[in-house]
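Residue-level listing of the chains:
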There are 2 protein chains.
Amino acid sequence: VWRFAADHGVIPVAVAVDEHGLEADRLERAQVQAVLLTPAHQFPLGGVLPPDRRQQVLAWARHHRAFVIEDDYDAEYRYNRQPIGALQGLSPDRVIYIGSASKILAPALRLGWLAAPPSLLPALIYHKRFADFGSPLLEQLAYAEFLRDGGLDRHLRRMRIVYRRRRDALISALARHLPAWRPVGEAAGLHLVTTLPPGLTEQLVVQKAAARSIRVYPMRDYSQRRLKTSALVFGYGFLTEEHIERGIVELAKALSKD
Amino acid sequence: VWRFAADHGVIPVAVAVDEHGLEADRLERAQVQAVLLTPAHQFPLGGVLPPDRRQQVLAWARHHRAFVIEDDYDAEYRYNRQPIGALQGLSPDRVIYIGSASKILAPALRLGWLAAPPSLLPALIYHKRFADFGSPLLEQLAYAEFLRDGGLDRHLRRMRIVYRRRRDALISALARHLPAWRPVGEAAGLHLVTTLPPGLTEQLVVQKAAARSIRVYPMRDYSQRRLKTSALVFGYGFLTEEHIERGIVELAKALSKD
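Once a new chain begins, its residue numbering starts again from 1 and follows that chain's sequence as written. Whichever chain is written first becomes A and whichever ligand is written first becomes 1, with later ones labelled in order. Per-residue local features of the predicted model are confined to residues with pLDDT of at least 70, and side-chain atom pairs are confined, for both listing and counting, to 80 or more; whole-chain, interface and lining totals are unaffected and use all residues. As a convention, hydrogens and water are excluded, and side-chain values are obtained from all of the structure's heavy atoms.

Moving on, we get to the environment of B:A14. Residues and elements named next belong to chain B. Residue position: A14 is located in the loop between α1 (2-7) and β1 (17-18). Classification of A14 as partly exposed rests on a relative accessible area of 26%. Placed 209 residues apart in sequence, A14 and S223 show a C-alpha to C-alpha distance of 8.4 Å. In what follows, a contact means two residues having at least one pair of non-hydrogen atoms within 4.5 Å. Among residues more than four places away in sequence, those in contact with A14 are W2, Q224 and R225. Going along the chain from the N terminus, every DSSP run of H or I of four or more residues is numbered as a helix, and every run of E of two or more is numbered as a strand. Classification of residues uses two cut-offs on accessible area relative to the type maximum, computed with a 1.4 Å probe and protein chains only: under 20% is buried, over 50% is exposed, and between them is partly exposed.

What follows covers the interface of chain A and chain B. In this assembly, 17 residues from chain A lie in contact with 17 residues from chain B. Buried area adds together the accessible area that both of two parts lose upon being put together, with accessible area traced by a 1.4 Å probe. When the area that chain A buries against chain B is broken down by residue, the three leading residues are A:R3, A:R110 and A:F130, summing to 33%. Note on definitions: salt bridges are taken to be side-chain nitrogens of Lys or Arg within 4 Å of carboxyl oxygens of Asp or Glu. Counting across the chain A and chain B interface gives zero salt bridges. Side-chain atoms alone can form a polar contact between residues adjacent in sequence; in general such a contact is a pair of N or O atoms within 3.5 Å, and within protein one must be able to donate a hydrogen while the other accepts it. On inspection of chain A and its partner chain B, the count reaches eight residue pairs in polar contact (both at pLDDT 80 or more). Amino acid classes used here: Ala, Val, Leu, Ile, Met, Phe, Trp, Tyr, Cys and Pro are nonpolar; Asp, Glu, Lys and Arg are charged; the rest, including Gly, are polar. Of the residues that constitute the side of chain A that touches chain B, the class distribution is nine nonpolar, three polar and five charged.

Between the rings of Phe, Tyr and Trp (Trp by its six-membered ring), a pair exists once the centres lie within 6.5 Å; its type follows the angle of the planes, with under 30 degrees stacked, over 60 edge-to-face, and the other angles tilted. Under the defined criterion, the tally for this structure stands at 16 aromatic pairs over all chains. Here, a charge over a ring means that NZ of Lys or CZ of Arg falls within 6 Å of the ring centre while also lying within 35 degrees of the ring normal. Just above the ring of A:F67 sits the side chain of A:R94; from NZ or CZ to the centre is 4.7 Å.

Further remarks concern unusual backbone geometry. All names here are of chain A. Look at the link from F43 to P44: it is a cis peptide, with omega at 5°. Mapping P44 onto the fold places it in the loop between β3 (34-37) and α3 (51-64). For Q31, which is not glycine, the phi dihedral falls at a positive 50°. Position of Q31 relative to the elements: it lies in the loop between α2 (27-30) and β3. The backbone of R110 shows a phi angle near 55°, a positive value even though the residue is not glycine. Among the secondary structure elements, R110 is positioned in the loop between α5 (101-104) and β6 (112-115).

Below, the discussion takes up helix α6 (residues 121-132) of chain A. What a helix should span is 1.5 Å times the count of its residues minus one. Taking 1.5 Å of rise per residue, the 12 residues of α6(A) would be expected to cover 16 Å, and the 16 Å separating its terminal C-alpha atoms lies within 8% of that figure. Positive phi shows up at A:F133, right after α6(A), with a value of about 55°.

This part takes up the relation of the copies chain A and chain B. Here chain A sits on chain B after a turn of 180° about the axis and a move of 0.0 Å along it, with an RMSD of 0.0 Å. What the rotation and shift describe, once combined, is the action of a two-fold rotation axis. Take the interface residues of chain A: 100% of them recur as interface residues in chain B, which is what a same-surface contact looks like. Residues below a pLDDT of 70 in either copy are left out; the C-alpha atoms of the rest, at least 70 in both, set the least-squares superposition of the copies.

We now examine the side chain of B:R81. Residues and elements named next belong to chain B. Inspection of the secondary structure assignment puts R81 in the loop between β4 (67-71) and α4 (87-90). No salt bridge is formed by the buried R81; its nearest oppositely charged neighbour, D74, is found at 6.2 Å. A polar contact of 2.7 Å, which involves the side chain of R81, links it to the backbone oxygen of A40. If we ignore the near neighbours within four places in the chain, the residues touching R81 are A40, H41, V48, A75, A187 and A188. Just so you know, the count uses Lys and Arg for positive and Asp and Glu for negative, and it drops His and the chain ends.

This next bit is on the sheet that holds strand β9 (residues 217-218) of chain B. Residues and elements named next belong to chain B. Spatially, four strands are ordered β7-β8-β10-β9 in an open sheet, and the strand pairing comes out antiparallel. Each edge of the open sheet is held by one strand with a lone partner, namely β7 (182-184) and β9. Pairing between two strands is assigned when DSSP locates at least 2 bridges connecting them. One ladder, built from three bridges, connects β7 with strand β8 (residues 191-195); its direction is antiparallel. Across the sheet, P183 pairs through a bridge with T194, a residue of β8. For every element, the axis is a line fit to its C-alpha atoms; helices are fit only across the contacting stretch, and the angle between N-to-C directions ranges from 0 to 180 degrees. The strands touched by helix α8 (residues 151-177) are β7, β8 and β10 (231-235); relative to β8, the strand with the most contacts, the crossing angle is about 15°.

On to the packing of helix α9 (residues 202-211) of chain B against helix α10 (residues 241-256) of chain B, then. Between two packed helices, both the angle of their axes relative to each other and the distance between the axes serve to describe the pair. Residues and elements named next belong to chain B. Relative to each other, α9 and α10 sit at 115°, their axes nearing to 9 Å. Taken as a pair, α9 and α10 cross one another with a handedness that is right-handed. Every residue of α10 that contacts α9 at V205, K208 and A209 is listed here: L251, A254 and L255. Each residue belonging to the contact of α9 with α10 can be placed in one class, and the counts come to five nonpolar, no polar and one charged. Should the near helix be turned anticlockwise from the far one by less than a right angle, the crossing is left-handed, and should it be turned clockwise, the crossing is right-handed.

We now examine the side chain of B:R166. Residues and elements named next belong to chain B. Relative to the helices and strands, R166 resides in helix α8. Buried within the structure, R166 lacks any salt-bridge partner; E241 is the closest side chain of opposite charge, at an N-O distance of 5.7 Å. Side-chain polar atoms of R166 contact the backbone oxygen of G237, separated by 2.6 Å. A distance of 3.0 Å separates a polar atom in the side chain of R166 from the backbone oxygen of L239. Those residues in contact with R166 that sit more than four places away from it in its chain are Y236, G237, F238, L239, T240, E241 and I244.

Attention now goes to the pairing of strand β5 (residues 95-100) of chain A. Residue and element names in this part refer to chain A. Burial within β5 is extensive, with five of its six residues counted as buried. As defined by bridge partners, strand β4 (residues 67-71) adjoins β5 across four bridges and the pair is classed as parallel. Within β5, the position partnered with E70 by the bridge is Y97. As judged from the four bridges shared by β5 and β6, these two strands associate in the antiparallel manner. Pairing of G99 across the sheet is with W113, part of β6.

Structural data, given as structure tokens:
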């Protein structure tokens, strides 16, 4: 997103986040015209933006006539929490809500949707048209039917159980084999983050993992700032419980050899 | 294309075309770094770029280390002519060849392809990635299978006959009902152009046609310059022979009422 914005003449500005998501009181000082955030499940830390911060973000947007881009990328997969309401419902004239079939169903579909203030529609239609002349039509029709006949609801109910088991397998394998790595942000989504104990660098772990065909993602790739804590992002959506267990066992072995 | 280029920081420059396509000797004076052309079937006039002009374009590209973007948008549908070789085969290090399933099969698929000099691949991959994160996967797999098992060849053979009949129906209807309108560029593609007799403006015909739910396209929409001749573009790919005949009859009636 950062690079995409910069490539299109938008100057991105980083705003700090903590375990609850965006530190909303820093928006004022950032002097920006729009903010992109993931309030239902901060990417990648996994925090849920608390009610007072939500109100702060919306007050800021109203005061500056700024826009809030709400990227609801994976909140359909929630495990031990209630569904989170969208910011968009609280302030439909200031919030551009974005959803996608990529995590819900499959990124191969290239489907997404948005709900935007009517004043933005002409510009959105123009830019969508000149970006790609429209999204693939067969997928749009099939997805509409899938929604209409309840197939998506059934898929979500089934996959919530599958993904929850994978998540539980990852948390359990970490607790047994790498107990000093503390998982965070695991209440929803298809990934979680672990902080690393002192002495381990992200780079070292990523390299040792890659040498055994295990891919973990260094937190620094998701941040525009130098971080005080080392951490890794684990994606578990695509892996079976057996592969998850084996991956963590292998990773623990590789690290214990030092 | 013009607007897309301008929106992305490229300054488009118009170069004259005649019934044979690009007037290649004007490229030098245009002082551009790349040229986009449709050598197999100039859009929308329908000319085939002659061998001497092809050589001129390639010599210009080599001399200036410029690029030729060859948009081969509809040449699979040819009727009374041989297939035309691609410029890309003559100079693969200077030509970026672009094809698309939009006219061959269906624009709803959102599939295209290109053959580019290897030196451009890293930039192309970067920009494709950040433009849309990839094209729809199911269509890519299905199209590959369709190519492999001969389905596309069968489709083209069948549709060439269908489209040829539609084209013939249009030419025949024009000859009978609007004999002063001379068709050009009809040897290939899914559209043709007619020049209008003196006294008829593009705008007048487009309006009278629209009033009877007939859509024809004014040539001025396809040109960056003021044209000396009035002309219309007729698309016939999507219409049955009966609809084509009826459309021309209706159009002739509407115009004779003045």
